[in-house]
Amino acid sequence: MKYTIKKLAELAGVSTRTLRYYDQIGLLKPEEVNKSNYRIYDEKNVNKLQQIMFYRSLNFPLSQIKQLLDDPNFSRLQALEDQRKMLKDKQVEIERLLANIDQTIKDYHGEIKMTDTEKFQAFKQQKLHENEANFGTEIRQKYGEKTVQQSNQKFSNLTEKDFQAMQTIEKQLIDDLVMLTKKPDLESPLAEKIYQEHKQWLQYTWPSYNTQAHRGLVDMYLADDRFARYYDEKAQKSVVQLLHDVVYRYTN
């Protein structure tokens, strides 16, 4: 079965503009462009578009999707199995949030009394789950199972005040990193402030802080693109190398 761009857009429920953009960036090239200059898509294109849409539903950026699909070792079956697992994990997160909402409604009506910690437990579990899915293996290899468990437990036990403060510090850290990119002076008060912010942010979850572990963490940021993307996507620009250099400067 072959499709024009209009027919494929209707089939998939996307716009022709989206498909043209995918063609432009090399994410989804049509099988052919006919004599009338119409893009023509075949079953292989249909399967690839389905993969793209699964990844998009999981909030993968287009650049990462392209990298995955262009990998010569890419397996469609393995990708489907991985996507199924990620969607099941997402389902668990949604069910946890729904349960928290149900409890909050009961608290509002006076049927139960939720503690402040319980009100934010679902959000903290969601964050822990995301970190585990994205970085769990690497963190355990670097710091060991015991340290990771202690860190997760400390995060789970954060009070509402500390949880909110941690989010605020992270946002300020990102804003300051963006500011420092405009004039990357490692000797500046802003650079030292960034180091202190990152240190304080880590101390909300780390069982104990030491400069060697801090350096090891920012080394991982550079060694693994997934860690870098966490910061770079929040900042909307490359900031991980700068954060790495700041930490090394102030952990001498």
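Cut-off values and rules
- Residues numbered from 1 in each chain as written.
- Predicted model: local features only at pLDDT ≥ 70, side-chain atom pairs only at ≥ 80, totals over all residues.
- Heavy atoms only, no water.
- Helix = DSSP H or I, 4+ residues; strand = E, 2+ residues; numbered from the N terminus.
- Buried < 20%, exposed > 50% of the residue type's maximum accessible area, 1.4 Å probe, protein only.
- Pairing = 2+ DSSP bridges.
- Phe/Tyr/Trp six-rings, centres within 6.5 Å; stacked < 30°, edge-to-face > 60°.
- Lys NZ or Arg CZ within 6 Å of the ring centre and 35° of its normal.
- Core = buried A, V, L, I, M, F, W, Y, C linked by side-chain atoms within 4.5 Å.
- Contact = heavy atoms within 4.5 Å.

### Quick notes on unusual backbone geometry
And then number 1: A positive phi angle, close to 70°, is found at Asn59, a residue other than glycine.
And then number 2: As for its placement among the helices and strands, Asn59 is situated in the loop between helix 3 (43-57) and helix 4 (62-70).
And then number 3: Look at Asn59 and you get exposed, because its relative accessible area is 63%.

### Looking at the sheet that holds strand 3 (residues 39-41)
Strands pair in a sheet through their backbones, by hydrogen bonds, and they do so in one of two ways: parallel or antiparallel.
And then number 1: The strand order across the open sheet built from three strands is 1-3-2, with neighbouring strands paired in antiparallel fashion. Sheet topology places strand 1 (3-4) and strand 2 (32-33) at the edges, where each strand pairs with a single neighbour.
And then number 2: Note: strand 2 against strand 3, two bridges, orientation antiparallel. If you follow Val33 over to strand 3, its bridge partner there is Arg39.

### Notes on the packing of aromatic side chains
And then number 1: Within this structure, the stated rule accounts for six aromatic pairs.
And then number 2: Ring centres of Tyr55 and Phe60 lie 5.0 Å apart, and the angle between their planes is 45°; on these two criteria the pair is classed as tilted. A single burial state applies to Tyr55 and to Phe60, both of which are buried.
And then number 3: With centroids separated by 6.5 Å and ring planes inclined at 75°, the aromatic side chains of Trp201 and Tyr231 adopt a geometry described as edge-to-face. Pair noted here: Trp201 is in helix 9 (residues 189-203) and Tyr231 is in helix 11 (residues 225-235), with a separation of 30 residues, a long-range link. With respect to burial, Trp201 and Tyr231 carry one shared label: buried.
And then number 4: Ring pairing ties together the aromatic residues Trp201, Tyr221, Tyr230 and Tyr231, which thus form one cluster.
And then number 5: Directly above the ring of Tyr248 sits Arg215, whose terminal nitrogen or CZ lies 4.2 Å from the centroid.
And then number 6: Positioned over the ring face of Tyr250 is Arg249, at 4.6 Å from the centre of the ring.

### Quick look at the nonpolar core
Burial of nonpolar side chains together is a common tendency in soluble globular proteins.
And then number 1: Formed by 36 residues in total, the largest nonpolar core has its most connected members in Ile194, Trp201, Tyr221, Tyr231, Leu243 and Val246.
And then number 2: When residues of this core are traced back to their parent elements, those giving at least two are helix 7 (145-156), helix 8 (160-182), helix 9, helix 10 (211-223), helix 11 and helix 12 (240-249).
And then number 3: When residues in this core are grouped by element, the largest group, seven residues, is from helix 8.
And then number 4: Among all residues touching Tyr231, those that are not within four sequence positions of it are Leu173, Ile174, His198, Trp201, Tyr221, Val239, Val240 and Leu243.

Don't take any of this as a statement about function, it's just geometry.
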